[in-house]
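# Residue-level structure breakdown
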Amino acid sequence: MACCVAVLIKENLIYLRRSAEELKFLFLIHASIDILDDKVNQLTKPTSDRDARDFYLGLLYPVEEYKIYGYVSSTRVKFILIFEHSTSISLKDQDIKLLFQRLHQAYIDCISNPFYEPNTQLKSKRFEQVVTSLMVQNDPLTSAIVSSQASSVPSTSAIVPTAI
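Residues numbered from 1 in each chain as written. Predicted model: local features only at pLDDT ≥ 70, side-chain atom pairs only at ≥ 80, totals over all residues. Heavy atoms only, no water.

The name an unreviewed UniProt entry gives the protein is Trafficking protein particle complex subunit 2-like protein, with Rotaria socialis as the organism. Taken verbatim from the UniProt record of the protein, the Sequence similarities (unreviewed entry) comment is "Belongs to the TRAPP small subunits family. Sedlin subfamily." (UniProt positions renumbered as here; feature names shortened; annotations may be inferred.)

### A short note on the pairing of strand E5 (residues 77-84)
Of all 8 residues in E5, 7 are buried; the element is thus mostly enclosed. Alignment of strand E1 (residues 2-9) against E5, held across 7 bridges, turns out to be antiparallel. Among the inter-strand pairings, Ile-9 is bridged to a residue of E5, identified as Val-77. Of the strand pairs in this sheet, strand E4 (residues 66-72) and E5 are connected by 7 bridges, and their pairing is antiparallel. Considered in E5, the bridge of Lys-67 is made with Phe-83. As consecutive antiparallel partners, E4 and E5 are separated by 4 residues, and within that stretch Arg-76 has a phi angle of approximately 65°, a positive value. (Buried < 20%, exposed > 50% of the residue type's maximum accessible area, 1.4 Å probe, protein only. Helix = DSSP H or I, 4+ residues; strand = E, 2+ residues; numbered from the N terminus. Pairing = 2+ DSSP bridges.)

### Details of the sheet that holds E5
Read from one edge of the open sheet, 5 strands run E2-E1-E5-E4-E3, paired in antiparallel fashion. The open sheet has two free edges, formed respectively by strand E2 (12-18) and strand E3 (56-62), since each of these has just one partner strand. When the angles between neighbouring strand axes are averaged without regard to direction, this sheet yields 20°. Relative to E4, E3 runs antiparallel, the two sharing 5 bridges. Within E4, the residue paired with Pro-62 across the bridge is Lys-67. Helix-sheet contacts for helix H1 (residues 23-44) involve E1, E2, E3, E4 and E5, and the interaxial angle to E3 is about 135°. (Axes fitted to C-alpha atoms, helices over the stretch in contact; angles between N-to-C directions. Contact = heavy atoms within 4.5 Å.)

### Thoughts on the packing of aromatic side chains
In the structure shown here, the tally under the stated rule is 8 aromatic pairs. Aromatic pair Phe-79 and Tyr-107: ring centres 5.5 Å apart, planes at 80°, arrangement edge-to-face. Taken as a pair, Phe-79 in strand E5 and Tyr-107 in helix H3 (residues 93-111) lie far apart in primary sequence, 28 residues in all. Exposure class is identical for Phe-79 and Tyr-107. Each is buried. (Phe/Tyr/Trp six-rings, centres within 6.5 Å; stacked < 30°, edge-to-face > 60°.)

### What about the packing of H3 against helix H4 (residues 125-136)?
The description of two packed helices rests on the angle between their axes and on the distance between the axes. Packing of H3 against H4 leaves a shortest axis separation of 9 Å and a crossing angle of 165°. The pairing of H3 with H4 is recorded here as roughly antiparallel in orientation. Here H3 and H4 pass one another in a crossing that is left-handed. Listed contacts from H4 to Leu-99, Arg-102, Leu-103, Ala-106 and Tyr-107 of H3 are Phe-127, Val-130, Val-131, Ser-133 and Leu-134. (Parallel < 35°, antiparallel > 145°, perpendicular 65-115°, else oblique. Left-handed = near helix turned anticlockwise from the far one by under 90°.)

Below is the structure:
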């Protein structure tokens, strides 16, 4: 389960969701920006052997009880996920990469809205739903299956009488 999800443009925080109101998460996010920038600069060098389309930066650094992972889009939008050590042990690198790709796709859908003002706070119900699923579900494959089933089943709201 992700403890914290952050989206940054340049060094401006445009989205932040934490499982607890701890200032520690803000410190960890701002400390990870430098590491993200270093890794991005290494990727943009012409001698880099990585695929230019691979935006997943992997584990940025572990701290006492958390592991911080990073992802950068082609437009230099930074995504940061913070996991507890106990959760991140059960997640593989490929699973975390899939989580970032879902988050990136939700971000793209959010900013594709013609009413969204660039570089402002993200306020989208769909984006919130994706972030909630990242923070609740441990297994990205299970959450992807659940979200695809939920979107394919039409929702009906009916009041069912209960017997007393």
